[in-house]
Structure formats: C-alpha cells, structure tokens
Amino acid sequence: MDFFSDKLLSLILFTPAVAALLILLLPKDNKRLTRWVALVASLIPFALALVVWFNFDGAPVEFGFRFREQYTWYAAINATFHVGVDGLSLTMVLLTTLLTPIAVLASFNVEENVKAYMALFLLLETGMLGVFLALDLLLFFVFWEIGLVPMYFLINRWGSEKGERELWKGIKVKARTYASFKFMIYTMAGSLGLLLAIQMLGVVSGTFDIPTLFERWTGLEGTLFGLPVNTVKTVAFWAFVVAFAIKVPVWPFHTWLPDAHTEAPTAGSMILAGVLLKLGAYGFLRLVLPLYPDQARAGAGVLAFLATMAIIFGAFSAYGQKDFKRLVAYSSVNHMGFVVLGIAAAAYAVGTTNAESATIALNGAVLQMFNHGLSSAGMFFLVGVIYERTHTRDLEEMGGLFPLVPVYGGILIFTSMASLGLPGLNGFVSEFLVVRGAWPIFTVYTALSMLGLLFTGAYVLKGIAKTLQGPLNERWRGELAEINRREVIVMAPLMALMLWLGVWPAWLLGVINRAMLALFG
Amino acid sequence: MQFPILSVLVLLPIVSGVLLFFFPSDRKKLIYRFALAVAFIAFLLSLAVYLSFDPGGERYQFVEHYEWLPALGISYYVAVDGISAPLVLLTGIVMFTGVIISHGIDDRPREFFAFLFILATGVFGVFVSLDMFALFFFYEIAVFPMYLLIALWGWKVTREYAAMKLTLYLFIGSVVALVGALAMYFTSGLHTFNMLELEQAGFSTAFQQLWFPFVFLGFAVLGGIFPFHNWSPDGHVAAPTAVSMFHAGVLMKLGAFAALRVGIMLLPEGAKFHLPWMILLTLVNVVYGAFIAMVQKDFKYVIGFSSVSHMGLVIMGFATLNFNGFLGAGVQMFSHGVMTALFFAVVGMVYDQAHTRQIPELGGFAKVMPIAAVAFIIGGLVSMGMPGFSGFIAEFPIFMGVWRTHPWIAIVAAISIVVTASYILRVVGQVFFGELPEQFVGHTRDIKVLEKVALGLLCLAMIGVGLFPSVMVPVVESGVQHVLSLLGGA
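Keep in mind it's a predicted model, so treat the numbers as computed, not measured. (Residues numbered from 1 in each chain as written. Chains lettered and ligands numbered in written order. Predicted model: local features only at pLDDT ≥ 70, side-chain atom pairs only at ≥ 80, totals over all residues. Heavy atoms only, no water.)

Chemist: Got a minute to help me understand the overall build of chain B in this structure?
Modeler: Summing up its helical and strand segments, chain B has 20 helices and two strands in all. Taking 23 Å as the expected radius of gyration for a compact globule of 490 residues, we find that chain B reaches 21 Å, a close match to that expectation. By its C-alpha atoms, chain B is 70 × 55 × 40 Å across when sized along the principal axes. Counting over 490 residues, chain B shows a buried share of 69%. Within chain B, contacts between residues separated by at least 24 positions form 81% of all contacts whose residues are at least 6 apart in sequence. (Helix = DSSP H or I, 4+ residues; strand = E, 2+ residues; numbered from the N terminus. Rg over C-alpha atoms; globule rule 2.2 N^0.38 Å. Buried < 20%, exposed > 50% of the residue type's maximum accessible area, 1.4 Å probe, protein only. Contact = heavy atoms within 4.5 Å.)

Chemist: Is there a simple way to think about the overall build of chain A in this case?
Modeler: Regarding its fold elements, chain A presents 20 helices and six strands. On C-alpha atoms alone, chain A measures out to a radius of gyration of 22 Å, which is about the 24 Å that the 2.2 N^0.38 rule sets for 521 residues. Taken over the C-alpha atoms alone, chain A extends approximately 75 × 55 × 55 Å along its principal axes. Across the 521 residues in chain A, those meeting the buried criterion constitute 65%. The long-range share in chain A, meaning contacts at least 24 apart out of those at least 6 apart in sequence, stands at 80%. Surface summary for chain A: the accessible area is close to 18,000 Å², and the carbon and sulfur share equals 64%. (Areas by Shrake-Rupley, 256 points an atom, 1.4 Å probe, with all protein chains shown as cover.)

Chemist: Even after reading the chapter, I still don't get the pairing of strand S2 (residues 79-85) of chain A, so can you show me in this structure?
Modeler: On a regular strand, one side chain projects to one face of the sheet and the next to the other, so that they alternate. Residue and element names in this part refer to chain A. Buried residues dominate S2, accounting for seven of its seven residues. Here S2 shows two buried faces, one formed by Ala 79, Phe 81, Val 83 and Val 85 and the other by Thr 80, His 82 and Gly 84. Where strand S1 (residues 66-74) and S2 come together, six bridges link them in antiparallel fashion. Bridging across to S2, Glu 69 finds its partner in Val 83. (Pairing = 2+ DSSP bridges.)

Chemist: What is the right way to read the interface of chain B and chain A from this model?
Modeler: Size of an interface, as often reported, equals the accessible area lost when the parts are brought together. At the junction of the two partners, chain B supplies 35 residues and chain A supplies 29 residues. Of the roughly 2,900 Å² buried between chain B and chain A on both sides combined, carbon and sulfur atoms contribute 84%. Sorting the residues of chain B by area buried against chain A places B:Phe396, B:Trp403 and B:Leu425 first, and these three jointly supply 23% of that buried surface. Seen at the junction of chain B and chain A, the total is four residue pairs in polar contact (both at pLDDT 80 or more). At the level of secondary structure, the elements contributing two or more residues to the side of chain B that touches chain A comprise helix H13 (323-354), helix H15 (370-383), helix H16 (390-405), helix H17 (407-413), helix H18 (415-432), helix H19 (449-467) and helix H20 (473-486) of chain B. With eight residues, H16(B) is the single largest residue contributor to the side of chain B that touches chain A. A class-by-class count of the residues in the side of chain B that touches chain A yields 27 nonpolar, five polar and three charged. (Buried area = accessible area lost by both parts, 1.4 Å probe. Polar contact = N/O pair within 3.5 Å; in protein donor to acceptor, adjacent residues only side chain to side chain. Nonpolar A, V, L, I, M, F, W, Y, C, P; charged D, E, K, R; others polar.)

Chemist: Looking at this structure, how should I read the pattern of salt bridges?
Modeler: Two side chains of opposite charge can pair, provided their charged atoms sit close to one another. Scanning all chains against the criterion turns up 22 salt bridges over all chains. In this structure, A:Asp57 engages A:Arg514 in a salt bridge whose closest nitrogen and oxygen atoms are separated by 3.9 Å. In this pair, A:Asp57 sits in the loop between helix H3 (31-54) and S1 while A:Arg514 sits in helix H20 (residues 506-520), placing the two residues 457 residues apart along the sequence. For the salt bridge of B:Glu269 with B:Lys272, the shortest nitrogen-to-oxygen distance reads 3.5 Å. (Salt bridge = Lys/Arg side-chain N within 4 Å of Asp/Glu carboxyl O.)

Chemist: Even after reading the chapter, I still don't get the side chain of A:Arg393, so can you show me in this structure?
Modeler: All names here are of chain A. Relative to the assigned elements, Arg 393 resides in the loop between helix H15 (355-390) and helix H16 (406-420). Classification of Arg 393 by relative accessible area gives buried; the value is 14%. The contacts of Arg 393, once residues within four sequence positions are left out, are Ser 160, Thr 262, Glu 263, Lys 322, Asp 323, Phe 324, Lys 325, Val 383, Tyr 387 and Met 398.

Chemist: In this structure, what is going on with a positive patch on the surface? I would like to understand it.
Modeler: A surface patch of positive charge is lined by B:Lys29, B:Arg33, B:Arg445 and B:Lys448. Along the chain, the position of B:Lys448 falls in the loop between H18 and H19. (Patch = residues over 30% accessible without salt bridge, like charges linked within 9 Å, V, L, I, M, F, W, Y side chains within 5 Å. Lys, Arg positive; Asp, Glu negative; His and termini not counted. Charge placed at Lys NZ, Arg CZ, Asp CG, Glu CD.)

Chemist: Looking at this structure, how should I read unusual backbone geometry?
Modeler: Looking along the chain, the bond that leaves A:Val248 and enters A:Pro249 is cis, with omega of -10°. Mapped onto the elements, A:Pro249 comes out in the loop between helix H10 (229-247) and helix H11 (256-263). Cis peptide bonds are those with omega within 30 degrees of zero, and the linkage from A:Trp251 to A:Pro252 qualifies with 5°. When you line up the elements, A:Pro252 lands in the loop between H10 and H11. At A:Phe63, a residue that is not glycine, the phi angle is positive and equals roughly 55°. On the secondary structure map, A:Phe63 appears in the loop between H3 and S1. Even without being glycine, B:Leu321 reaches a positive phi, approximately 60°. Note that B:Leu321 resides in the loop between helix H12 (299-319) and H13.

Chemist: I would appreciate a short explanation of the environment of A:Leu135 in the present structure.
Modeler: Residue and element names in this part refer to chain A. Take Leu 135: it is sitting in the loop between helix H5 (114-133) and helix H6 (137-146). Judged by its relative accessible area of 1%, Leu 135 falls in the buried class. Sequence-wise, Leu 135 and Phe 208 are 73 residues apart; in three dimensions their C-alpha atoms are separated by 8.7 Å. Excluding anything up to four places from it in sequence, Leu 135 contacts Phe 65, Arg 68, His 82, Val 83, Gly 84, Asp 209, Ile 210 and Pro 211.

Chemist: Even after reading the chapter, I still don't get the layout of surface pockets, so can you show me in this structure?
Modeler: Leftover empty space is mapped by rolling, across the atoms, a probe with the size of a water molecule. Residues and elements named next belong to chain B. If you add up the space inside the second largest pocket, you get close to 660 Å³. Lining the second largest pocket we find 28 residues, and of these Ile 105, Trp 153, Pro 240, Tyr 351 and Asp 352 sit closest to its centre. Among the secondary structure elements, those contributing two or more residues to the lining of the second largest pocket are helix H5 (132-153), helix H9 (231-238), helix H10 (241-264) and H13. Per-element accounting of the lining of the second largest pocket gives the leading share, four residues, to H13. Residue composition of the lining of the second largest pocket, grouped by class: 13 nonpolar, seven polar and eight charged. (1 Å grid on protein atoms, 1.4 Å probe; cavity = no way out; pocket = protein on both sides within 12 Å on 5 of 7 lines; lining within 4 Å. Points joined across faces, edges and corners; volume = space filled by probe spheres on them.)

Chemist: How do you make sense of the confidence of the model for chain B when you look at a structure like this?
Modeler: All names here are of chain B. Confidence in the prediction of chain B, expressed as mean pLDDT, is 91, and 99% of residues score 70 or more. When mean pLDDT is taken per element in chain B, helix H3 (residues 84-101) scores highest with 95 and helix H7 (residues 195-199) scores lowest with 85. Both scores are given for the predicted complex: the pTM is 0.90, the ipTM 0.86. (pLDDT = per-residue confidence, 0-100.)

Chemist: In this structure, what is going on with empty space enclosed by the protein? I would like to understand it.
Modeler: Evaluation of the coordinates by the stated rule reveals five cavities of 30 Å³ or more. If you add up the space inside the largest cavity, you get close to 130 Å³. Of all the elements in the fold, those that place two or more residues in the lining of the largest cavity are H6 and helix H8 (175-205) of chain A together with H16 of chain B. The element best represented in the lining of the largest cavity is H8(A), accounting for five residues. Class assignment for the residues of the lining of the largest cavity results in ten nonpolar, three polar and two charged.

Chemist: Help me out: how do you make sense of the environment of B:Ala206 in this one?
Modeler: Residue and element names in this part refer to chain B. Turning to its location among the elements, Ala 206 is positioned in helix H8 (residues 205-223). Using a relative accessible area of 54% as the deciding quantity, one classes Ala 206 as exposed. Each C-alpha atom, one on Ala 206 and one on Leu 327, is 28 Å from the other, the two residues being 121 residues apart in sequence.

Chemist: I'm lost on H16(B) in this one. Help?
Modeler: Since the α-helix turns once every 3.6 residues, residues separated by three or four places project in the same direction. In a regular helix each residue adds 1.5 Å, so 16 residues correspond to 22 Å; H16(B) covers 24 Å between its end C-alpha atoms and thus fits that length. Here H16(B) lies mainly inside the structure; 14 of its 16 residues are buried. (Expected span 1.5 Å × (residues − 1).)

Chemist: It is not clear to me how the packing of helix H17 (residues 426-438) of chain A against helix H18 (residues 443-468) of chain A should be interpreted in this structure. Could you clarify?
Modeler: Helix packing geometry: the angle between the two helix axes and the distance between the axes. Residues and elements named next belong to chain A. Interhelical geometry of H17 versus H18 gives an angle of 155° and a closest axis separation of 9 Å. When the axis of H17 is compared with that of H18, the two are roughly antiparallel. Residues Glu 431, Val 435 and Ala 438 of H17 form the contact with H18, whose participating residues are Thr 443, Thr 446, Met 450 and Leu 453. Residues belonging to the contact of H17 with H18 are distributed by class as follows: four nonpolar, two polar and one charged. (Axes fitted to C-alpha atoms, helices over the stretch in contact; angles between N-to-C directions. Parallel < 35°, antiparallel > 145°, perpendicular 65-115°, else oblique.)

Chemist: Help me understand the confidence of the model for chain A, please; the structure alone is not making it clear to me.
Modeler: Close reading of the predicted structure is inappropriate where its pLDDT is low. With 99% of its residues at a pLDDT of 70 or more, chain A has an overall mean of 91. Mean pLDDT in chain A bottoms out at helix H1 (residues 2-5) of chain A, which sits at 70, and peaks at helix H4 (residues 87-106) of chain A, which reaches 96.

What follows is the structure in structure tokens.
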C-alpha cells in the first residue's frame, strides 16, 4: 500500500494515459466495451483525487506543496519530474478528474472510431492533469503542449459535420478542420514566447524547478544579456502573459475560441471550456504572479482593462449569436473575464493596503474557474442534447420546446441560471467575490464589468427564450425525444455541485482561501 | 582480444554487397531476403554497440587500431564515442528499415542492394574512424554509390540531373575539406592522420582560423548548410525511397559529424573564431527552410526542405560552442535521422499506391493505410518539437545553448517551430484526411506487415527517447564533454 500512497499524484496523472493505451488493444467492434472501460478508467483518477482531497490537511508540506514526488528525468539540463499539489492545483485537479468521466459518459453517443476517440480523450486528461501537477517548468511546458494534440484530433475528426470555411488562398475546408487548425497554430504560436522565456529562465537560473525559481529568479539583480534585469524580466513577463492570455482567453486573443468550441464534438467542447481554458488562468496564478510580482503590478491595469473588455464584448457577442453553441462559446469569454479581472486586481494590490480585497478577488477568481468549469460543461452538453435531436443549433429554428421536453427545459433553465449568476447558485458566489475584491482596486473597470453582467443576463435569457419559450416550431411536434437517463446522469453531478456551491461554498472556498493566503498573503 | 564488433559492422555491408554479385540476378526474392538478413544483423550489431557503450567509461570504446600505411602515417583506427554511438545505432536502424521498405525494387535488385550496402559501409566507417585518411576514404565510399542509386533507380523525371548535382556538390565539398585536412597533415609535423594525435598537435591560432572554414564548410555541405544546401531537396526527391531514407536520415548527419570531428575538434581556435558568424547561415537554414517547405506542392519536396531546416538546427547547436548546444545537436542528429527516415518511408508507401506526389492530387490515405498515417503524424509531432517525443528533447537544449550566446537568434529561430507546425498539419490533413480521390478508390491496398514493423521500430525510437531521455542523453553527454575540453571548456 505504501508504494501507492506516496505516488498518488503520479497515479492520478498516468492512469488515464495507461488506460488510453489499453483501450487501443481492445477489439475494434465492441463499442460498448470501449465506452465502459473508458468510463471506469476515468473514474479511477477521480477517486484518487478524492483520496488526496480528504488527506490534504494532514499531509506534510514541502516547499509549499503536498504529496510531492521528484524523480530524475532530463538531468543534463537540470529538469526533473517534479509534481505536487497545493489548494489551487488540487481544486483544478478535482475539476479535471470530475469533468472527464462526465464528458466520457456524454460521449457514449459517438459512433465512429470509438476506440481512437476514447484513447485521445484519456490522453488529453493526462495532459491537463500534468499542467496542474507540474512543479518543474520544463515538465509544465511538456504537458501544456501535449494537451493540444488530442484536442486537435478530437475537433478535426469528430467535430461538426457541416459547415465550410476558407483556410487560405481559395482552399476551402470543413469548418471543423479550420477550427482545429486555428486552435492549434494560434495556441502554439502563443506558446512560442513561453517556450523561449522558459529556455531563458533555465539558462539564467540553472534550474527549471518551480519552487527554486520562485526564489532564484525573483532575486536576480544586475544585468542579463547586456540589458538591465528588469528589462529582460519585463519581456519574459509579457511572453508568459501572451501564451496564457491566448489560452484563457483574454480579449483580444480570444478569436480562436468561438470556432474551436462551436465545431468541437459535444464532449470536446465540455472539456475545452471546462478545463482547458483554466490552464491559462492557472498559469497566471502559478507562474506569472509569483515569478514577476513587480511586472505583474505594472501590467495589472492593462490586464484589468482587457478583462473588462472580455466581459463586456463577450456578453455583447454572445447576445448577438444565432447559433446556440456559439452563444455558449462567447459566454466562456465573458465568464473567464471575471477570472482575469480578479487576477489583475490581485496582481495590483497584493502586499498593499488593499491586500484583503486582493485575497477576496483571488478567491473569487479561482472559485469562478471551478464554477465556470461546471456550468460551461453543463451548457455545452445541453446544447449537444438538443442538437442530437434537432440536428440544428440555429436558435431561430427552435422555439416553444418547453411543453415537449419539460425535464430538459427545467435542467436548461437551472444551468443557465448558474451561468447567469443567480444568487443561490454557484456563479453568483464567485462573481460576487471578484466584484467585491476588485472594486476597491479597479473601481472603474469593475463598474463597467457590471454593465457586462447586465448583458450576461440578456444573452442567457435569450438562449432560454429562443429555445424553450415562444411559439412552437411545428416541425418538432412529436419529433422531439425527452432527455434520457444517461443524459440526466451526466447533468446530475454538475447540477448538484452548482446548487451546493451556491448555498454553502465554504467546503471549497476554505481550501482555496488557505492556498491563496499561502501563495500571496 | 575482444570481438572486433566495429570492424564487423563496417565491413559486413560491403562484403555482403560483393557476395550479392554472386547471386543469379533473377532470384529476386532470394536477393531481397539475403539483403534483409544482412541488414537485420547490422541493426542488431549496432544496437549491441549502443547498449554496451558505457557513458561513464572510457572516452573511446570498442577501439581497434591496426597499421595500414605506416610510411604515410595512415592507420585503420576505429572506435565509438558518446556522439558517434547513437549515430551508429541510427545507421543500423535506417539500414534495416530501408531494406524492408525496398521490397518493391524490381529492376536489378542485386545491384541496388549491393550499392546500398557499399553506401552503408561508407557511412558506418565515417562514424567510427579515428584516422583522418580512413574517414575521407569511407566518406567517398559513401558518396559515389549515391550517384548510381539515384541515376539508375530514381524518379525518371529528374534523376540524372539530381544525381549529377548531388555528387558534384558532395565531391567538391569533400575536396575542399580534404585540402584543409592535408594542410593539417603537412603542418603538424607529426606525419600522421591519427586524429587523436592531431587533436594535440598544437596548430597555431592563425593556421586554425585560416583552415577551419575549408574543413568545416566542406563537410557541412553534406550537412546541408546554407547556401550549399541546394543539392539536397532535388537529391531527396529523385532518389528511390530507401536511398532518400539514407540520404536524409544518415548521410546528412555524416556531414555534420565530420564537420565536428575534423573541423571543430581538430581546429578549435578556428571554430571559436568562425562559428559565431556561421551561426547566421544556420539561422537561414532553420527559418528559410521551413518557409520553403510550406509552399511546396510535391510531398517529397516538403520533407526535403524540412530536412534542410532541421539539419540547420544541428549545425546551429554546434555553433553555440557550449554544452547545451552540443548536447541538443547530438540528440537531434539521432532524432531527426529517425524522423526523416520515417517520413520518406511513408511518402514512398503513398507514392507506391498513388504514383503521384502532388499534394493537391492526394487525400484520404488514412483510410487506406491507417498505421502509416499514424506513424506520419507521430513523425510530424517530432518535427514540430512536440514534447513527449525525441524532437523536443533535442531542440530544447539547442535553444538553451543559443540563448547563452545569441539570444536574438533563439527568438528568430523559434519562428520555424510554428511554420513547421503549420506545414506539417497542412500536409497531414491534405494527404491523409479528407476524401480519397476517385482514381484511387478500389486500387489501393494497405502496407505490408514488415513495413508496419519498420514504422513501429522508428516510432518506438522517437517516443522512447522522448519519454525517457536518459536512454540517450547520458551517452551523448559523455561525448560532448570531450568536445568541450578541446574547446577549452567553453
């Protein structure tokens, strides 16, 4: 048992990858077997994550992290396989390991190439978990990039069948090909700066170890490459910021998102919005703020401005959509804007008289990361449910569906309300905390983002109204099947958590708060 | 007296090649099987050499030293060090997989495999020679069969032109290098071609600075350095599949390796003087090569220019003159060798079925040959430097090395990563996904089992090094330490 107990994180990290390889060995025609193996395999990391969760407080702390493991990996350049969790990463690991089985269950209706699909999905899980667990900068980058590959293929091969876009100079391709290509190249291009900056950090500091870098890198003085240290740090700061900003996404680096989310298969969108976006925000919290505190403070105003733009423009754009899925995609831009606003407020005010507000804003940001993971996964799934039945995402084609599918309608309304930030559900708690925390620090931006919140309400209600209310589009009468048991089981844990976190968030906020105080207090 | 494994490895191919001429020319199946058996044995020997190499042991291992022409100071002196050991393994892998892929050679297979094996001997010989004369001798043995292999078995449209251009370029390059080498021989006063002794010869700084460009650039021509890379894309495209695999996979590494062994290690002061400006040439390779690959319509030309770009990274790594750069270059030679062998193998498989390499005319081949498609995708990921594969393990330290010496070059060179990603994705999408064009429906078959084995072996090498760098990095490290000590611990 001991062998397992001190390798918990490695087990959580690699079980999905090993399962993916096993799935490739399964017989090709037995879709049921493949689906169930994938589901059970994806529940194992979740169970292990719960074990970590319940043993978290008692676990010893080393360099600020618990359940630490470190093995040699690429010794020649001073990079090790170093993993560990704190409250921040554990929250994200919990989100990832929870959403993956739910997304796998949601994927039970995929018929083509089920083996390849499930294998890619599980590999994706390892990629995402690796980013959250990595305590070595090189390892962080490895998992950061690796996660792109399965998502590229998931969108490219299993994405929307319809739609055409022009890739370049007269070459027309399927919309999903365009979306996956844009996603991959955009993110990789953004990551180039990150790659270069990481190489530079490694060269200058002589190590890639994150806890070590926190001290060594911040303590650097004098000149580097013939330039003042602060100049070099500022450039590296922006390199990191651009890479993470593309992922979150921060306006105006968000343009890959609507296409990628819309064209991805349902479960792909669930994970893309639910977890992948959080990788960027995590990067800000784990790396940018601790490694570049001064540059972050100087750049916080810009970040807050961009966050506010994301909130407002994301909401406006969502409101203007005719495609339900694209509406939900823009809602991600809108919601993640609050995360960035909270981070920017904290970057500006940590260690100042507004430190308490900064901590509140951080709590809000991290909780919003978790909450948005739940609600966006739910919303994308529900869009997928209606698409399954109607084969359209066009809001104008729907209407008055509530009497036909009341259970679905109820679930849609519930989830939309969480997305809207209705008090009593989780969205309210995190958005309130961000606003409360950012108000004393960036009053104008916060005030403007509340305007954005107004339009959040507008687009959410538009989504519900266009689908469920109004005159029934006659073609659906008798054609629409109610939401089935499997689909309800997919939504149930999400809804339960949305309610629980809305009514009594302390169980999660406590962990987050302690982590934020430890990191930035 | 230990088993002379290196001599066996070097001589096995050429002896087998000569033996092949005793086979009746119409027994094609027998010829192929014999060639396959020889290649497999060579692969096993190279694997044995690599696995037995002790990174913590002697600098040079499996040493064999016999007098050859003592009056001229020429000896038969072979050994492997940390940098050549992976290259010997690479040659074994490429030789084995290359022969597997050549099952379709129908026109005079006896001669084909004989010349291929002469080529292999030359390649093995250069990697293990510690005598400068022997190195040149094996180098020429490696170049001349290329002419015959391309001109007789290559792509009918350009084979004569490409073969001529390739051979002329490489011969002239080697003559230029030879001039420098002879200058070293005559000036050292030691009357020896023994490179270990020449390392200690103490040439004057002025001498080294004068002759370094001759030797380095002469050999780097074979490594594909800009602006002398022009022979490479045409040569790749015109050559038959196995020869392309050898060409890009191993021969170009020969050039880079010889440039290191004879240029940098024997004339370190010259290296320190000239490489700081030569790195700009490699930058052109890396970035320009990637852009040119992006606009190619011929599938094979894309891969050809991709090789020019990736070899640029190898020489760039050398040009940093520091530990990280050399380490990365050493791993990149192996990683790119395997990757490009895989690329050309798959291109050959597609061409065998489609009889066209024009990308706009292809499509949907993933349904025809799924394993080949997956293998190509893996190769593509290696090419992009995707973490988890050997390409990342190689490229990352090269960039770190460049950061130490020319930070802005690292930043510019990084552009190639995105460009590479975009052309790889484009090629994969257009050739393997989408719709299979009308004319191929019903006329295509999947690849053979042995070919899948070959692809599997190549992928295993790339993934193995990618996930577990410790299987290769310590070996390369030990070789790099020696190079650094010659440079004065730069």
